[in-house]
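Given next are the chains, with one letter for each unit.
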Amino acid sequence: VQLVESGGGLVQPGGSLRLSCAASGFTFSSYYMSWVRQAPGKGLEWVSDINSGGGSTYYADSVKCRFTISRDNAKNTLYLQMNSLKPEDTALYYCWGRATGYDYWGQGTQVTVSS
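Everything in this summary refers to the structure shown in the same document. Remember, it's a predicted structure, so these values are computed and weren't measured experimentally. (Residues numbered from 1 in each chain as written. Predicted model: local features only at pLDDT ≥ 70, side-chain atom pairs only at ≥ 80, totals over all residues. Heavy atoms only, no water.)

1. Considerations on the environment of Gln 107
1) Next: Here Gln 107 is to be found in the loop between strand E10 (102–105) and strand E11 (109–113).
2) Next: Given a relative accessible area of 45%, Gln 107 falls into the partly exposed group.
3) Next: Distance from Gln 107 to Leu 17, taken between C-alpha atoms, is 18 Å for residues 90 residues apart in sequence.
4) Next: The contact partners of Gln 107, leaving out residues within four places of it in the chain, are Leu 3, Val 4, Glu 5, Leu 92 and Tyr 94. (Helix = DSSP H or I, 4+ residues; strand = E, 2+ residues; numbered from the N terminus. Buried < 20%, exposed > 50% of the residue type's maximum accessible area, 1.4 Å probe, protein only. Contact = heavy atoms within 4.5 Å.)

Right, here's the structure in full:
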């Protein structure tokens, strides 16, 4: 089982990034997926959820209207489109998949927002 995030990097305030999370080794389309982040020196912060079919999405107030979560079950991939990035969005971003009795995490991808 693997969740592999990619797409992080250094971006200026106001810029955009698109994170991807490639899943393998489990039935991705059956899993509820999330993005969670951890800023330097802080705890985990939930960012966004998407249900297994992709029809329902949820966002933390801090990212609402700026971030968009999506998934492509045919490609076993989760996405996070991040626009209007702010310095406070700097964090290690993890994808997290769960279903009854199962819980998987990726290794994270670093996002740094700085001028």
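2. Notes on the pairing of E11
1) Next: The alternating pattern of E11 places Thr 109, Val 111 and Val 113 on a buried face and Gln 110 and Thr 112 on a face that is not buried.
2) Next: As judged from the three bridges shared by strand E2 (residues 9–11) and E11, these two strands associate in the parallel manner. Counted as the bridge partner of Leu 10 is Thr 112 from E11.
3) Next: Examined bridge by bridge, strand E9 (residues 91–99) and E11 share three bridges and lie antiparallel to one another. (Pairing = 2+ DSSP bridges.)

3. Concerning the state of the cysteines
1) Next: By the definition in use, this model includes one disulfide.
2) Next: Disulfide partner of Cys 21: Cys 95, at an S-S distance of 2.0 Å. Taking the torsion about the S-S bond as the criterion, the Cys 21 to Cys 95 disulfide, at about 50°, is right-handed. Of this pair, Cys 21 sits in strand E3 (residues 17–24) while Cys 95 sits in strand E9, placing them 74 residues apart in sequence. Cys 95 matches Cys 21 in its accessibility class, with the two residues each being buried. (Disulfide = S-S within 2.5 Å.)

4. As for the nonpolar core
1) Next: Grouped together as the largest cluster of nonpolar side chains are 29 residues, with contacts concentrated most on Leu 3, Trp 35, Phe 67, Leu 78, Leu 80, Met 82 and Tyr 93.
2) Next: For this core, the elements supplying multiple residues, two or more each, are E3, strand E4 (32–38), strand E5 (44–50), strand E7 (67–72), strand E8 (77–82), E9 and E11.
3) Next: Looking at this core, the element that brings in the most residues is E3, giving four residues.
4) Next: Dropping the residues within four chain positions of it, Tyr 93 is found in contact with Glu 5, Leu 19, Trp 35, Val 36, Arg 37, Val 47, Phe 67, Leu 80, Met 82, Gly 108, Thr 109 and Val 111. (Core = buried A, V, L, I, M, F, W, Y, C linked by side-chain atoms within 4.5 Å.)

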